[in-house]
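For reference, the chains in residue letters:
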Amino acid sequence: MSRVNPVQVIAVSGGKGGVGKSNVSVNLAIALAQMGRRVVVLDADLGLANIDVLLGITANHNLNDVLNGKCDLRDVLVDGPGGIKIVPASSGTQRMTQLTPMEHAGLINAFSELGDQIDVLIVDTAAGISESVVSFLRASQELLLVVCDEPTSITDAYALIKLMNRDYGVNRFRILANQVRNEQEGKHLFGKLTRVTERFLDVALQYVGIVPYDEAVKKAVQRQRAVLDAYPRAKASLAIKALAQQVDNWPLPSSPRGHLEFFVERLVDA
C-alpha cells in the first residue's frame, strides 16, 4: 500500500505588490529546510515571475513548458539555496495570466507527481486579487499575508481578506508584519488591520510576528542571494527562523486536508 505523504501547503500573499512576499517565501523555505523539511517553492506569479531572478537561478524550463507539454513538472524543478526546490514560472508571458479553467486545473494537477518528495509547498502568489491568486489561496491550507506599514498595503490586505471571507468562506488568516522597525510597530500595524476586519468581517486574524527592516535584505537582493543564505545572523534572518519555528508547529488537519491531493482537488474545483 503506497504511503500518502502529508503536505503542508502555505500560500504567501498580501494583496499589494512590493511588500516582500517573494523574499519571505524563499527565506521561510530555506529556514524550514534547515529544520529538515523537504520544501518546494512554487512561483505562482504566472505572468511576472521573479524568484529565479531573485536567487540568480537560470531555469531551462518553466511552468509554461509544462502547460505546452514540453516536459513534466519534475523536469522544471531547480535546486535553490539551502536544499530547497523551486518551480519557476514564466516572466513576460501574457498567455500565462489568461489560462482557461481547464488549463489552470491541468497545470496544477501536475503537482500530484511531487507528492512523494514534499513536506511543505510554499506558494508565492502574484499581487492583487486576480482569479489565479484567488484559486491558489482557496486551495492552500494556510494563508500567510505579508503586510507593511503603508496605507495601501493595509487597504489591499483588507480587500483580499474581505474577498476570501465573503465570497469563499475563508475565515482564518495569519498576518506577518514586514519591514517594520520593531515588535511594537508590528503589533501596532496588526492592530490597524484587526480594527477594520473586526468591524466589518467575521474573520480570525493571527499575528505571527515581524520581519524587521534590515539593510542586509537589500544587500542580499543586490547579490541575488537569499538573506538567510548570505547573512544568516542578520536581524531579518533571525526573524525568519523564528517564523519557521512557528510554521513547523502549525497543525496539519486530518486527511485529506493535509495532503497535496487536496491542494490539487481544490484548484481543479476552483
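Residues numbered from 1 in each chain as written. Predicted model: local features only at pLDDT ≥ 70, side-chain atom pairs only at ≥ 80, totals over all residues. Heavy atoms only, no water.

(A) Fine view of the sheet that holds strand β1 (residues 8-13). Taking strand neighbours across the sheet as the criterion, the eight strands line up as β3-β4-β2-β5-β1-β6-β7-β8 in an open arrangement whose pairing is mixed. This sheet does not close on itself; its edge strands, each paired only once, are β3 (78-79) and β8 (204-212). Note that β3 and strand β4 (residues 85-87) share two bridges and pair antiparallel. Residue Asp79 lies in a different strand from β4, and its bridge partner there is Lys85. On top of the sheet, helix α11 (residues 235-248) reaches β1, β6 (142-147), β7 (172-180) and β8; it is set at about 150° to β8, its chief contact. (Pairing = 2+ DSSP bridges. Helix = DSSP H or I, 4+ residues; strand = E, 2+ residues; numbered from the N terminus. Contact = heavy atoms within 4.5 Å. Axes fitted to C-alpha atoms, helices over the stretch in contact; angles between N-to-C directions.)

(B) Focus on α11. The first and last C-alpha atoms of α11 sit 20 Å apart over 14 residues, in line with the 20 Å expected at 1.5 Å per residue. Within the sequence span of α11, burial applies to Ala236, Ser237, Ala239, Ile240, Leu243, Ala244 and Val247. With its buried residues spanning 160° around the axis, α11 presents them on a single face. (Expected span 1.5 Å × (residues − 1). Buried < 20%, exposed > 50% of the residue type's maximum accessible area, 1.4 Å probe, protein only. Arc of directions from axis to C-beta.)

(C) Examining the nonpolar core more closely. Ranked by size, the top nonpolar core spans 50 residues in total, and within it Leu121 and Phe173 carry the most contacts. Ile10, Val19, Ala236 and Ile240 belong to the second largest nonpolar core, which has 36 residues in total. (Core = buried A, V, L, I, M, F, W, Y, C linked by side-chain atoms within 4.5 Å.)

(D) Representation of the pairing of β8. Where β7 meets β8, seven bridges bridge the pair, whose relative direction is parallel. Residue pairing in the sheet places Arg174 in a bridge with Gln206 of β8. Between β7 and its parallel partner β8, the chain crosses via helix α8 (residues 183-200), and the hand of that crossover is right-handed. (Right-handed = clockwise from strand over helix to strand, strands pointing away.)

(E) The pattern of salt bridges, seen in detail. Summed over all chains, the structure comprises 10 salt bridges. The shortest N-O distance in the salt bridge between Lys85 and Asp79 comes to 2.4 Å. According to the relative accessible area criterion, Asp79 is exposed, its value standing at 54%. Put simply, Glu142 and Arg174 hold a salt bridge, and the shortest N to O gap is 2.8 Å. Placement of the pair is Glu142 in strand β6 and Arg174 in strand β7, with a sequence separation of 32 residues. For the pair Glu142 and Arg174, one class covers both residues: buried. The network of salt bridges with shared partners includes Glu142, Arg172 and Arg174. (Salt bridge = Lys/Arg side-chain N within 4 Å of Asp/Glu carboxyl O.)

(F) Highlighting the packing of helix α7 (residues 151-168) against α8. In contact at an axis separation of 11 Å, α7 and α8 are set at 35° when each is read in the N-to-C sense. For the crossing formed where α7 meets α8, the hand is right-handed. Residue-level contacts link Ile154, Ala157, Tyr158, Ile161 and Arg166 of α7 to Leu189, Lys192, Leu193, Val196, Thr197 and Phe200 of α8. Among the residues making up the contact of α7 with α8, the classes are represented as eight nonpolar, one polar and two charged. (Left-handed = near helix turned anticlockwise from the far one by under 90°. Nonpolar A, V, L, I, M, F, W, Y, C, P; charged D, E, K, R; others polar.)

(G) Expanded view of the confidence of the model for the protein. Confidence in the prediction of the protein, expressed as mean pLDDT, is 86, and 83% of residues score 70 or more. Element-level pLDDT for the protein is lowest in helix α5 (residues 101-109), with a mean of 63, against a maximum mean of 98 in α11. (pLDDT = per-residue confidence, 0-100.)

(H) Fine view of the environment of Tyr213. For Tyr213, the location among the structural elements is in the loop between β8 and α9 (215-222). Since its relative accessible area comes to 47%, Tyr213 is described here as partly exposed. Placed 33 residues apart in sequence, Tyr213 and Val180 show a C-alpha to C-alpha distance of 5.3 Å. Looking at Tyr213, its side chain comes within polar contact range of the side chain of Glu215, at 2.7 Å. (Polar contact = N/O pair within 3.5 Å; in protein donor to acceptor, adjacent residues only side chain to side chain.)

(I) Broad picture of the side chain of Asp65. Mapped onto the secondary structure, Asp65 falls in helix α3 (residues 63-67). Buried charge without a partner: Asp65 forms no salt bridge, and the closest opposite charge is Lys70, 4.1 Å away. Apart from the residues lying within four places of it in its own chain, the contact partners of Asp65 are Asn60, Lys70 and Cys71. (Lys, Arg positive; Asp, Glu negative; His and termini not counted.)

(J) Local environment of unusual backbone geometry. A positive phi angle, near 60°, is found at Gln179, a position not held by glycine. By secondary structure assignment, the location of Gln179 is in strand β7. One non-glycine residue, Gln224, adopts positive backbone phi at about 55°. Among the secondary structure elements, Gln224 is positioned in the loop between α9 and α10 (227-230).

(K) Region of interest: the packing of aromatic side chains. This structure, assessed with the given rule, holds one aromatic pair. When the ring of Phe190 is compared with that of Tyr207, the centres are 5.3 Å apart and the planes differ by 45°; the resulting orientation is tilted. Of the two residues, Phe190 sits in helix α8 while Tyr207 sits in strand β8, which places them 17 residues apart along the sequence. Here Phe190 falls in the buried class, since its relative accessible area comes to 16%. Just above the ring of Trp250 sits the side chain of Arg174; from NZ or CZ to the centre is 4.0 Å. (Phe/Tyr/Trp six-rings, centres within 6.5 Å; stacked < 30°, edge-to-face > 60°. Lys NZ or Arg CZ within 6 Å of the ring centre and 35° of its normal.)

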